[in-house]
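Single-letter residue listing:
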Amino acid sequence: MAGETVKGVIETSSDVVAGDSGPLLDAQGEVIGIDTAASTGTQIDGYAIPINDALSIVTQILNGPETASVRIGPAAFLGVELGATTAYGNASQSTGVSGAGVAGVVAGDAAATAGFAAGDTITRIGTTKVSNASGLNAAIAQLQPGDHVTITWVTAEGSTHSATVTLGSSPVN
């Protein structure tokens, strides 16, 4: 979860890698959490949602109402991988522009179609100014798959671009 802070989770020395999400067991084999994230670097720590929190979310989903913290169905998806704070962070390394640093682009999705590349910095989603990765995530969370939105970004070389894209559906519901 590059560029984000996680709170209220269980930290574990388990080697959690991308795509891993499953039960976190205690020494007695009891489920105490659901693996959901990991740090990067030389020492990797895993993070799990406490089981009581996870069960509360399951109950909300089963009861049907979507809330600010529980989304039912796919989310809007731009198709960018955000850079770690030390790699691109809240400012482009080459231009110093404030925004969400792009570490990679998912082939075939909205960002790729618009011409985004690693090293770019996203500065605006529609009328919302983006100053960091969390801001980008919050702006995208307000949108739906299929929405058309204008994205503004600065390339690693310093040129500013804008394009209207059609947001896709998140690969994970």
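A brief structural summary.

Criteria and thresholds
- Residues numbered from 1 in each chain as written.
- Predicted model: local features only at pLDDT ≥ 70, side-chain atom pairs only at ≥ 80, totals over all residues.
- Heavy atoms only, no water.
- Helix = DSSP H or I, 4+ residues; strand = E, 2+ residues; numbered from the N terminus.
- Buried < 20%, exposed > 50% of the residue type's maximum accessible area, 1.4 Å probe, protein only.
- Contact = heavy atoms within 4.5 Å.
- Areas by Shrake-Rupley, 256 points an atom, 1.4 Å probe, with all protein chains shown as cover.
- Pairing = 2+ DSSP bridges.
- Arc of directions from axis to C-beta.
- Polar contact = N/O pair within 3.5 Å; in protein donor to acceptor, adjacent residues only side chain to side chain.
- Axes fitted to C-alpha atoms, helices over the stretch in contact; angles between N-to-C directions.
- Patch = residues over 30% accessible without salt bridge, like charges linked within 9 Å, V, L, I, M, F, W, Y side chains within 5 Å.
- Salt bridge = Lys/Arg side-chain N within 4 Å of Asp/Glu carboxyl O.
- Phe/Tyr/Trp six-rings, centres within 6.5 Å; stacked < 30°, edge-to-face > 60°.

So, the overall build of the protein
Along the protein, the regular secondary structure elements total 3 helices and 12 strands. Residues classed as buried in the protein amount to 31% of the 173 residues present. Across the protein, the fraction of contacts at a sequence separation of at least 24, relative to all contacts at a separation of at least 6, is 49%. Here the protein displays about 9700 Å² of accessible surface, and carbon together with sulfur accounts for 52% of that area.

Some thoughts on the side chain of T123
Along the polypeptide, T123 turns up in strand β8 (residues 121–125). Residue T123 is classed as buried on the basis of its relative accessible area, which comes to 15%. Discounting residues that sit within four places of it in the chain, T123 has contacts with V97, S98, T128, K129, V130, T152, W153 and V154.

Quick look at the pairing of strand β3 (residues 31–38)
The sheet contact formed by strand β2 (residues 23–25) and β3 spans 3 bridges and is antiparallel. The partner of L24 across the bridge, within β3, is G33. Counted along the chain from β2 to the antiparallel partner β3, the turn is 5 residues long, and its residue G29 has a positive phi close to 85 degrees. Bridge analysis of β3 against strand β4 (residues 46–50) gives 5 bridges, and the strand direction is antiparallel.

Considerations on helix α3 (residues 133–141)
Among the residues of α3, those classed as buried are A133, L136, A139 and I140. One side of α3 holds all its buried residues, which, seen down the axis, span an arc of 125 degrees. In the core, the buried residues of α3 are packed alongside β5 (76–77), β6 (80–82), β7 (100–105), β8 and β9 (128–129). Residue N132 occupies the N-cap position of α3, its side-chain oxygen lying 3.2 Å from the main-chain nitrogen of S134.

As for the sheet that holds β4
Pairing is antiparallel across the open sheet formed by 4 strands, whose spatial order is β1-β4-β3-β2. At either end of the open sheet lies a strand with only one pairing partner, and these are β1 (10–12) and β2. Here the average twist between neighbouring strands, direction ignored, is 45 degrees. As paired strands, β1 and β4 are joined by 3 bridges and run antiparallel to one another. Residue pairing across strands places I10 opposite A48, the latter belonging to β4. Running at roughly 55 degrees to β4, helix α1 (residues 51–63) makes contact with β3 and β4 of the sheet.

So, a nonpolar patch on the surface
Residues I57, I61 and I72 make up a contiguous nonpolar surface patch of roughly 210 Å² in combined accessible area. Within the secondary structure layout, I72 lies in the loop between α1 and β5.

Thoughts on the packing of aromatic side chains
Here the structure, examined in full by the defined rule, presents 1 aromatic pair. Each ring, one from F116 and one from W153, has its centre 4.2 Å from the other, and the planes form 25 degrees; the classification is stacked. In this pair, F116 sits in the loop between α2 (110–114) and β8 while W153 sits in strand β10 (residues 148–154), placing the two residues 37 residues apart along the sequence. We classify W153 as buried; its relative accessible area is 3%.

Keep in mind that these numbers describe shape and distance, not what the molecule does.
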